[in-house]
Amino acid sequence: MGKTVRIYVMGREYEVPEGLTIMKALEYVGYRYIRGAGCRAGFCGACTTVYRKNGDYKLYSGLACQTTVEDGMYLVQIPFVPAEKPKYEVSEIKDVEDILRVYPEIARCLSCNTCTKSCPQGLETMDVIQSILRGDIKRAAELSFDCIQCGICSMRCPAEITHYHVAQLVRRVYGKHYLKKSKELERRIKEIEEGKYQEEIERLMKLPREELERLYKEIRR
Amino acid sequence: MSYPEEMRKSIEKVEETRDERLGLEINRMSLEEREEILKKFHPDYRPEAKREIGIGPNKGDLAPNEVVDLLESYPIVDPEEVDLSQVDYDVSLLIIGGGGAGTVAALWAHYSGLPVEEILISTKLRHGDSNSIMAQGGIQAADKPDDSPVLHYLDVMGGGHFANKPELVRELVLNAPSILKWHEDLGVMYDKDEDGNMLTLPGGGTCRNRLHSAKDYTGMEIMRVIRDEARNLGIEVLEFSPAVELLTDNGRVTGALLWNMETNQYYVIRAKAVILATGGFGRLHIQGYPTTNHYGATADGLVMAYRVGARLRDMDSVQYHPTGAAYPEQIVGLLVTEKVRGLGAQPVNREGEAFVHPLEPRDVEAAAIIRECYERRLGIETPTGMVGVWLDTPMIEEIHGKGTIESKLSAMYRMYSRFGIDMTQDPILVFPTLHYQNGGVEIDEKARVLGESGVIDGLFAAGEVTGGVHGKNRLMGNSLLDYNVFGKIAGESAAKYCKSNGKGRLTLDHVIRYMEALKKMGVPENRKSPLILPDYRGKKVLMRTLDLF
Amino acid sequence: MILLGKYRYMYYPGCTLKGWAKDLETSTLKVCEILGIDLIELDRWYCCGGVFELSDNLMRHLGAVRSLIKAEEKSKEIGTGDLVTICSMCYNVLGRISFQLKKEDIEKINFFMDDEKDYSGKIRVKHFLEVLKEYGFNKIRNYVDEQMGIKVAPYYGCTLLRPEEIGIDDSQKPRIMEELLEAIGMDPVSFPMQTVCCGSYNSARGIKAVETLRKKILESAKREGAELIVTSCPLCKYNLKEAMYFTELMEMALGGARHG
Ligand SMILES: Cc1cc2nc3c(=O)[nH]c(=O)nc-3n(C[C@H](O)[C@H](O)[C@H](O)COP(=O)(O)OP(=O)(O)OC[C@H]3O[C@@H](n4cnc5c(N)ncnc54)[C@H](O)[C@@H]3O)c2cc1C
Ligand code: FES
């Protein structure tokens with residue numbers, strides 16, 4: 001074995017090769033994931049891990065599948081985030097007032113910024129909530145776009161806000177009511193409904209392979 | 001963890017040739033050249049990697065060894081050990097797989113008149129933990145004035161080497177625009193211009209700019225919106241409860257057996273119809289390749305369906321994505337989206353030479369990279385012995401301006417930054433990675449699963465678990481489309497089926513018969529499937545494991 | 001690079017002005033355009049914490065602190081330490097917090113903020129009325145089209161005047177709005193209840209007292225012959241129901257419509 005580092009999984013010490021992700025290090029020492037692993041690539045938010053480091057008071061968080069182990073890490077994974085997800089009808093939600101009816105608790109934001117500091121995606125989470133409060137739906141939607149909904153913000157918020165759910169709603173509101181609808185799309189759908197392409201495609205479906213190959217080359221010229 | 005000295009030297013060459021390459025138009029290969037490079041270098045053409053299936057409807061057909069191993073396996077549940085008389089969930093529609101196809105199917109089954117209480121989703125991990133959430137690049141639809149569903153049709157067929165099932169391709173391309181419209185109405189934040197029209201990019205093998213995206217989180221954006229909608233409607237999802245076997249009544253599918261991975265309890269589900277939406281098989285690591293796929297992509301659906309007599313097709317071809325990360329070690333195999341090439345980054349060898357058009361169809365592009373590394377030996381070696389070629393990402397900002405990478409490829413940029421590599425300044429190292437299950441369970445245009453003697457009653461399938469839509473090679477952006485179009489069709493068809501059919505008996509008779517056939521073949525009894533999850537535990541630990549309780 | 005004039009200030013809008021009190025912001029910006037005053041909005045700012053208005057606990061006003069920190073960053077770019085608010089409530093909270101931070105609290109708060117930028121206490125929080133006074137009421141006269149001579153009663157409420165340390169004028173007998181009104185061709189009328197609280201957030205709890213206060217304040221103004229009441233506070237305006245923002249009146253007087 002080359003160089004190794006010492007990690008502490010829920011307090012128990014293990015020695016693992018350096019350069020592994022936290023996820024692979026846990027597997028290396030014998031854990032088999034049921035919870036705590038989804039995409040294994042930084043897209044699903046299943047693997048949130050909180051940790052402290054030797055001699056450092058800070059509580060860090062990261063994605064186990066995207067964070068390299070360091071010597072002296074005290075690790076625990078958060079398997080599940082309890083969070084209420086209210087039901088709503090997006091077509092009825094258009095502005096801050098509507099959003100506040102679904103998530104009144106966002107008005108409790110203390111601007112402590114703990115959410116931002118805990119975000120493994122490095123998003124400006126508090127600014128998302130603050131933007132909503134002042135009615136800037138666009139900014140809130142854009143700032144939160146890269147959210148993978150791991151929920152760690154919601155575990156740490158003293159105002160008990162569930163940022164990742166709130167942001168989901170805001171993005172849908174933005175996508176539905178603020179982004180303009182595509183005219184080109186509508187036009188094409190109408191053409192299809194009128195059967196404009198049906199016949200041509202049915203014809204292609206019956207063509208022998210050589211004929212199709214010829215057409216395929218032709219459209220590439 | 002920036003680049004070590006040796007790799008730096010090659011990067012300098014890449015930098016030297018960059019200006020010259022910016023103006024360079026690289027020729028695309030002719031169909032003949034493509035055939036040739038595929039035969040010589042594509043992993044699919046290595047005869048020792050495949051063998052004939054020895055059992056079931058596809059007996060005699062070739063498939064990767066890893067797949068055949070699973071098909072020629074005993075069930076993980078002993079039919080004698082389960083009590084099917086006590087039903088735990090009694091619903092009209094059971095959907096197996098809570099990824100993209102499963103969620104879309106649930107929504108459309110409901111839109112088609114099934115009450116939400118009559119729909120149940122079983123899934124292996126959490127709702128949405130799937131390949132669908134990982135898609136970055138985009139989704140195809142011919143909505144631009146210079147494009148048409150006819151051109152889209154031809155591209156899909158050509159990309160699939162004309163082996164596709166034509167009626168499925170027709171459904172795919174004709175339904176594409178209305179799927180995007182549905183997304184728009186749900187509030188998916190597609191990249192748009194000021195008038196609301198979609199921004200499109202070229203994709204490998206497309207003759208028009210047809211790729212629609214939501215930054216490079218397209219799959220995540222679509223998945224989280226449809227999941228939110230399913231949650232709003234109150235559709236029940238049993239998480240960490242994969243299906244391990246289908247249940248049948250005289251050949252008709254009537255339910256499934258689920259297994260709670262946390263408590264080990266099994267659940268008996270009775271349903272009028274079952275939709276299979278279990279996705280692909282990347283985690284089988286075909287030929288030892290690393291994969292881009294999520295943790296649960298283990299071909300369970302293929303195995304379960306095959307045991308009830310479903311036919312498989314195009315299982316001999318596997319998609320290797322040309323650009324998986326090859327450095328640093330922590331992210332080896334993870335996807336570097338095709339959009340990186342779509343935006344202008346060229347594959348470049350050790351000497352700084354461009355050697356292939358950046359947007360050949362995937363199999364061709366992958367073969368060209370393998371040739372560069374292993375025949376021409378112009379790849380770059382990493383400290384752990386991986387070999388790859390450069391993808392010259394700084395070109396993107398030369399072409400589209402500063403800031404493009406951070407805004408359009410923020411997922412990629414973030415991934416590399418986490419490991420100390422700034423892809424706006426330095427190229428990234430790539431090598432093909434196992435990406436997509438081209439073939440799968442055969443369906444008809446109503447998403448009904450086909451067996452040896454036609455439709456298998458009560459069983460529908462959609463998404464990556466199916467075969468036929470993409471022939472022998474899927475083009476980028478067509479599988480997000482696939483799971484939406486066929487998820488929708490499956491939901492509608494199954495809802496309709498539920499209206500005119502009752503419930504059936506619950507048996508594992510088909511499994512018992514399958515086991516008899518396995519016995520005749522002499523398959524070793526310790527070979528079991530479905531796999532459910534891969535096992536990545538360290539070897540040293542496994543050697544000293546006691547299974548005590 | 002923005003070209004900035006002689007009168008330039010950093011600008012903190014606050015949530016209300018971006019929401020249901022948009023008129024207050026638009027009229028203010030219009031007035032500034034006419035007078036040649038540059039209000040440059042902070043790139044990032046946070047809710048002042050008005051909902052926790054009277055709390056002395058700094059932890060409830062981290063938003064205000066952070067906005068002050070953002071203002072310090074911005075001040076380097078545009079070369080002024082003056083941060084202007086229009087909403088009286090925001091003025092009151094930001095003002096009190098910056099005042100409190102001039103004392104020993106600053107270290108405590110910087111320690112809590114940890115790896116974020118420190119606040120060094122250099123920001124001066126100003127209300128827009130003070131900005132106009134600095135600009136010169138006499139100078140404003142030059143922009144007035146027509147002496148309208150409307151009898152206008154300025155309502156101050158609490159937040160512009162109390163606590164005294166941050167009050168923009170004498171807390172018992174303020175004159176600043178009267179002077180401004182006079183300069184823009186109005187006929188200002190002071191009235192006894194002009195510095196009495198409007199009931200503030202009690203309206204949100206549906207408390208009757210707010211209704212009583214409203215009546216008293218309005219009657220008091222009318223008794224002095226007022227035809228119109230002006231305020232700079234969205235909440236006061238909401239509670240009084242019959243008030244107008246002083247900036248809206250200014251926009252009219254300065255011929256906002258004519259200026260396009
Ligand atoms: C990294 C990556 C990037 C991609 N990029 C693109 C792209 O840009 N454009 C594009 O069009 N396509 C892309 N694809 C392909 C595309 O995302 C998938 O093919 C598609 O999303 C598959 O959808 P699905 O619903 O069929 O499968 P999935 O989304 O994988 O869903 C299957 C679900 O079933 C669950 N499951 C599995 N077995 C069982 C069981 N036994 N019981 C219950 N549940 C089970 C799985 O855990 C999963 O949740 C990409 C794929 C990957 C991996
Ligand atoms: S496993 Fe999905 S983000 Fe880590």
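Only a predicted model underlies this, so the values are computations on that prediction, with no experimental measurement involved. (Residues numbered from 1 in each chain as written. Chains lettered and ligands numbered in written order. Predicted model: local features only at pLDDT ≥ 70, side-chain atom pairs only at ≥ 80, totals over all residues. Heavy atoms only, no water.)

Another aspect to go through is the site of ligand 1. All names here are of chain B. Around ligand 1 sit 41 residues in total, of which Ala-101, Ser-132, Glu-464, Ser-479 and Leu-480 are the nearest. Here Ala-277 contributes a backbone N or O atom positioned 3.5 Å from an oxygen atom of ligand 1. One of the side-chain nitrogen or oxygen atoms of His-294 is found 2.9 Å away from an oxygen atom of ligand 1. With the chains in place, 99% of the 990 Å² that ligand 1 exposes on its own is no longer accessible. Elements represented by at least two residues in the shell around ligand 1 include exactly α4 (100-111), α8 (300-307), β18 (428-436) and α14 (478-500). Considering only residue class, the shell around ligand 1 consists of 13 nonpolar, 23 polar and five charged. (Near = heavy atom within 4 Å. Polar contact = N/O pair within 3.5 Å; in protein donor to acceptor, adjacent residues only side chain to side chain. Areas by Shrake-Rupley, 256 points an atom, 1.4 Å probe, with all protein chains shown as cover. Helix = DSSP H or I, 4+ residues; strand = E, 2+ residues; numbered from the N terminus. Nonpolar A, V, L, I, M, F, W, Y, C, P; charged D, E, K, R; others polar.)

What follows covers the sheet that holds strand β6 (residues 139-140) of chain B. Whenever strands of a sheet pair, they do so through backbone hydrogen bonds, lying parallel or antiparallel. All names here are of chain B. Overall, antiparallel pairing links the three strands, which are arranged β6-β8-β7 in an open sheet. Each edge of the open sheet carries a strand with a single partner, namely β6 and β7 (200-201). Summarising the sheet, β7 and strand β8 (residues 211-212) pair through two bridges and their orientation is antiparallel. Across the sheet, Thr-200 pairs through a bridge with His-212, a residue of β8. (Pairing = 2+ DSSP bridges.)

A few words on the domain arrangement of chain C. Residues and elements named next belong to chain C. According to the domain assignment, chain C consists of domain 1 (8-130) and domain 2 (137-259). Taken together, the 28 residues of domain 1 in the interface contact 29 residues of domain 2. Overall, the association of domain 1 and domain 2 removes approximately 2,500 Å² of surface from exposure, summing both partners, and the carbon and sulfur fraction of that is 77%. It is Ile-34, Leu-35 and Leu-129 in domain 1 that bury the most area against domain 2; as a group they hold 26% of the surface buried on that side. Here domain 1 and domain 2 share zero salt bridges between them. At the surface where domain 1 touches domain 2, the tally comes to five residue pairs in polar contact (both at pLDDT 80 or more). (Domains from an automatic or database assignment. Contact = heavy atoms within 4.5 Å. Buried area = accessible area lost by both parts, 1.4 Å probe. Salt bridge = Lys/Arg side-chain N within 4 Å of Asp/Glu carboxyl O.)

Bringing empty space enclosed by the protein into the picture now. All names here are of chain A. Counted according to the given criterion, the structure contains seven cavities of 30 Å³ or more. Together, 18 residues line the second largest cavity, and Cys-119, Leu-123, Thr-125, Cys-147 and Cys-153 are the ones closest to its centre. Contributing elements (two or more residues each) for the lining of the second largest cavity: α4 (125-133), α6 (152-156) and α7 (163-178). Looking at the lining of the second largest cavity residue by residue, the classes come out as 12 nonpolar, six polar and no charged. (1 Å grid on protein atoms, 1.4 Å probe; cavity = no way out; pocket = protein on both sides within 12 Å on 5 of 7 lines; lining within 4 Å. Points joined across faces, edges and corners; volume = space filled by probe spheres on them.)

Residues and elements named next belong to chain A. Applying the stated rule across the entire model yields 85 salt bridges over all chains. Among the ionic pairs, Asp-98 bridges to Arg-101, the shortest N-O distance being 2.4 Å. Taken together, the positions of Asp-98 and Arg-101, both in helix α2 (residues 96-102) and three residues apart, correspond to about one turn of that helix. A relative accessible area of 12% means that Asp-98 is categorised as buried. Glu-218 serves as the salt-bridge partner of Arg-214, at 2.8 Å between the closest nitrogen and oxygen. In this pair, Arg-214 and Glu-218 are both assigned in helix α10 (residues 209-218), four residues apart and thus about one turn of the helix distant. By relative accessible area, which is 41% here, Arg-214 ends up partly exposed. (Buried < 20%, exposed > 50% of the residue type's maximum accessible area, 1.4 Å probe, protein only.)

To continue, consider the interface of chain A and chain C. Opposite the 17 residues of chain A that make contact, chain C presents 20 residues. Summed over both sides, the interface of chain A with chain C buries roughly 1,400 Å², with 48% coming from carbon and sulfur. Contact with chain C buries surface across chain A, with A:Leu110, A:Lys117 and A:Arg134 losing the most and accounting together for 38% of the total. In this assembly, chain A and chain C are joined by three salt bridges. Salt-bridge contacts for C:Arg44 lead to A:Glu124; the nearest nitrogen and oxygen are separated by 2.9 Å. One can count nine residue pairs in polar contact (both at pLDDT 80 or more) joining chain A with chain C. Counting residues per element, the side of chain A that touches chain C draws most heavily on α4(A), at four residues. Its residues assigned to classes, the side of chain A that touches chain C shows seven nonpolar, three polar and seven charged.

This paragraph deals with the interface of chain A and chain B. Between chain A and chain B, the contact holds 73 residues from the first and 91 residues from the second. Each partner contributes to the roughly 7,300 Å² buried at the junction of chain A and chain B, and carbon and sulfur atoms together form 57% of this total. Run the count over chain A and chain B and you get 12 salt bridges. Between B:Lys215 and A:Asp146 there is a salt bridge whose closest N-O contact spans 2.9 Å. Our enumeration of links across chain A and chain B arrives at 41 residue pairs in polar contact (both at pLDDT 80 or more).

Time to look at the domain arrangement of chain A. Each assigned domain of chain A is listed here: domain 1 (4-77), domain 2 (90-178) and domain 3 (193-220). Distance from the C-alpha centre of domain 2 of chain A to the C-alpha centre of domain 3 of chain A: 48 Å.

Residue and element names in this part refer to chain C. Note on placement: Ile-217 falls in helix α9 (residues 208-223). For Ile-217 and Leu-240, which are 23 residues apart along the polypeptide, the C-alpha to C-alpha distance reads 8.1 Å. Apart from the residues within four sequence positions on either side, Ile-217 is in contact with Tyr-155, Phe-191, Met-193, Val-196, Cys-197, Cys-198 and Leu-240.

In this structure, B:Asn175 sits in helix α6 (residues 166-186). For B:Asn175, the residues in contact, after removing those within four places along its chain, are B:Val485, B:Lys488 and B:Ile489.

On the surface, a cluster of negative charge is made up of B:Glu5, B:Glu12, B:Glu15 and B:Glu16. The partly exposed category is assigned to B:Glu15, whose relative accessible area is 36%. (Patch = residues over 30% accessible without salt bridge, like charges linked within 9 Å, V, L, I, M, F, W, Y side chains within 5 Å. Lys, Arg positive; Asp, Glu negative; His and termini not counted. Charge placed at Lys NZ, Arg CZ, Asp CG, Glu CD.)

Attention now goes to the packing of aromatic side chains. What characterises a pair of aromatic rings is the spacing of the ring centres plus the angle enclosed by the ring planes. Here the structure, examined in full by the defined rule, presents 20 aromatic pairs over all chains. A centroid spacing of 6.5 Å and a plane angle of 25° characterise the contact between B:Tyr295 and B:Tyr536, whose relative ring orientation is stacked. With a gap of 241 residues between them, B:Tyr295 in the loop between β12 (266-276) and α8 and B:Tyr536 in the loop between β23 (528-529) and α16 (539-543) connect regions that are remote in the sequence. Given a relative accessible area of 0%, B:Tyr295 falls into the buried group. Take B:Tyr536: its relative accessible area is 24%, and that puts it in the partly exposed class. Residue placement shows A:Lys53 over the ring face of A:Tyr60; its charged tip is 4.6 Å from the ring centre. Above the face of the C:Tyr135 ring, C:Lys139 is positioned so that its terminal group lies 4.3 Å from the ring centre. (Phe/Tyr/Trp six-rings, centres within 6.5 Å; stacked < 30°, edge-to-face > 60°. Lys NZ or Arg CZ within 6 Å of the ring centre and 35° of its normal.)

Let us look at unusual backbone geometry. Geometrically, the link from B:Ser529 to B:Pro530 is a cis peptide bond, its omega value of 5° lying close to zero. Tracing the backbone through its elements, the reader meets B:Pro530 in the loop between β23 and α16. Looking along the chain, the bond that leaves C:Arg162 and enters C:Pro163 is cis, with omega of -5°. For C:Pro163, the location among the structural elements is in the loop between β5 (151-154) and α8 (176-183). One non-glycine residue, A:Arg40, lies in positive phi territory at about 65°. With respect to the helices, strands and loops of the structure, A:Arg40 is situated in the loop between α1 (22-28) and β3 (48-53).

Turning our eyes to something else, we now look at the packing of helix α6 (residues 128-135) of chain C against α8(C). When two helices pack together, their arrangement is captured by the angle between the axes and the distance separating the axes. Residue and element names in this part refer to chain C. Where α6 contacts α8, the two axes come as close as 11 Å, and the packing angle between them is 55°. In terms of orientation, α6 and α8 fall into the oblique class. Where α6 crosses over α8, the handedness of that crossing is left-handed. For the pair α6 and α8, the contacting residues are Leu-129, Glu-130, Leu-132 and Lys-133 in the first and Ile-176, Met-177, Glu-179 and Leu-180 in the second. Among the residues making up the contact of α6 with α8, the classes are represented as five nonpolar, no polar and three charged. (Axes fitted to C-alpha atoms, helices over the stretch in contact; angles between N-to-C directions. Parallel < 35°, antiparallel > 145°, perpendicular 65-115°, else oblique. Left-handed = near helix turned anticlockwise from the far one by under 90°.)

Attention now goes to the packing of α4(B) against helix α7 (residues 218-233) of chain B. All names here are of chain B. Two elements in contact, α4 and α7, have axes separated by 10 Å at closest approach and are oriented at 40°. On the basis of the axis angle, α4 is oblique to α7. The handedness of the crossing between α4 and α7 is left-handed. Between α4 and α7, the residues in contact are Gly-100, Thr-103, Val-104, Leu-107, His-110 and Tyr-111 and Met-223, Ile-226, Arg-227, Glu-229, Ala-230 and Leu-233, respectively.

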